[in-house]
Amino acid sequence: MSTATKPRHIGRNISRIRELRGMKQEILGEAIGTSQKNISVIESSETVDPEKLKEIAKALGVTVEAIENFSEESVFSYFNNFYDNSTNQGQINGPNHNCTFNPLDKVVELYERLVQAEKDKVEYLEKLMKGK
């Protein structure tokens with residue numbers, strides 16, 4: 001039994017990162033100056049030219065190392081930790097995110113502006129009717 005690990009499939013990693021970023025092959029191709037067809041070929045390759053990989057990483061907004069070391073498990077772990085940490089609402093180890101204004105005051109302000117706009121419309125229409 002061999003203990004050698006199978007090398008990571010760089011093309012598949014690029015594909016998954018691109019999909020997670022919500023980017024189509026066509027857009028990635030445009031970003032690095034190639035066609036959608038070439039992106040498809042790259043994503044089906046186990047290895048990618050280092051210079052091309054740098055361009056792709058830049059277009060995807062990640063590092064080359066992120067592409068090379070990408071794994072589905074790390075993504076799920078990241079998002080699970082992000083969700084878990086967001087539920088504490090910043091009170092344990094982050095800034096407190098409280099409103100600095102009263103939301104009800106903003107609603108009242110908006111309502112008053114809408115009423116005034118309607119009054120202005122009525123006034124304008126009355127002037128038009130008198131003009132006929």
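Rules behind the numbers
- Residues numbered from 1 in each chain as written.
- Predicted model: local features only at pLDDT ≥ 70, side-chain atom pairs only at ≥ 80, totals over all residues.
- Heavy atoms only, no water.
- Helix = DSSP H or I, 4+ residues; strand = E, 2+ residues; numbered from the N terminus.
- Buried < 20%, exposed > 50% of the residue type's maximum accessible area, 1.4 Å probe, protein only.
- Contact = heavy atoms within 4.5 Å.
- Salt bridge = Lys/Arg side-chain N within 4 Å of Asp/Glu carboxyl O.
- Axes fitted to C-alpha atoms, helices over the stretch in contact; angles between N-to-C directions.
- Left-handed = near helix turned anticlockwise from the far one by under 90°.
- Nonpolar A, V, L, I, M, F, W, Y, C, P; charged D, E, K, R; others polar.
- pLDDT = per-residue confidence, 0-100.
- Core = buried A, V, L, I, M, F, W, Y, C linked by side-chain atoms within 4.5 Å.
- Arc of directions from axis to C-beta.

**Student:** I'd like a description of the overall build of the protein, backed by residues and values.
**Tutor:** Within the protein, the secondary structure is distributed over 7 helices and 0 strands. If you list the helices and strands of the protein from N to C, you get α-α-α-α-α-α-α. By the burial criterion, 21% of the 132 residues in the protein qualify as buried. Across the protein, contacts joining residues at least 24 apart in sequence account for 64% of those joining residues at least 6 apart.

**Student:** A description of the pattern of salt bridges should follow, citing residues and the corresponding values.
**Tutor:** If you walk through the whole model with that rule in mind, you get 6 salt bridges. Across the pair Glu118 and Lys121 runs a salt bridge, and its minimum N-O distance is 3.2 Å. Taken together, the residues span about one helical turn, with Glu118 and Lys121 both in helix α7 (residues 103–131) at a distance of 3 residues. Across the pair Glu123 and Lys127 runs a salt bridge, and its minimum N-O distance is 3.9 Å. Of this pair, Glu123 and Lys127 both sit in helix α7, 4 residues apart, which is roughly one turn of that helix.

**Student:** Break down the packing of helix α2 (residues 25–32) against helix α4 (residues 50–60) for me, citing the residues and quoting the values.
**Tutor:** Following both chains from N to C, one finds α2 and α4 inclined at 115 degrees, their axes separated by 9 Å at the closest point. The element α2 and its partner α4 pack so that their crossing is right-handed. On α4, the residues touching Leu28, Ala31 and Ile32 of α2 are Lys52, Glu55, Ile56, Ala59 and Leu60. In the contact of α2 with α4, the residues fall into 6 nonpolar, no polar and 2 charged.

**Student:** So what's going on with the confidence of the model for the protein? Residues and values would help.
**Tutor:** In the predicted model, the protein carries a mean pLDDT of 80, and 73% of its residues have values of at least 70. When pLDDT is averaged over each element of the protein, helix α3 (residues 36–43) comes out on top at 94 and helix α6 (residues 72–86) at the bottom at 60. Contacts for the low-pLDDT stretch residues 89–93, under 50 throughout, to residues beyond four places or in other chains number 6 contacts.

**Student:** Help me get a handle on the side chain of Asn13, residues and values and all.
**Tutor:** Relative to the helices and strands, Asn13 resides in helix α1 (residues 10–20). The buried category is assigned to Asn13, whose relative accessible area is 9%. Excluding its chain neighbours within four sequence positions, the residues that come into contact with Asn13 are Arg8, Ile67, Glu68 and Phe70.

**Student:** How would you summarise the nonpolar core if you had to cite specific residues and measurements?
**Tutor:** Core analysis: the biggest nonpolar cluster contains 16 residues, and Ile14, Leu28, Leu53, Ile56, Leu60 and Ile67 have the highest contact counts within it. Listing elements by their share of this core, those giving two or more residues are α1, α2, α3, α4 and α5 (64–68). When residues in this core are grouped by element, the largest group, 4 residues, is from α4.

**Student:** So what about α4? Which residues, and what values?
**Tutor:** Residues Leu53, Ile56, Ala57 and Leu60 constitute the buried set of α4. Projected down its long axis, α4 carries its buried residues within an arc of 100 degrees, all on one side. The inward-facing, buried residues of α4 contact α1, α2, α3 and α5. Following α4 by one or two positions, Gly61 has its phi on the positive side, about 75 degrees.

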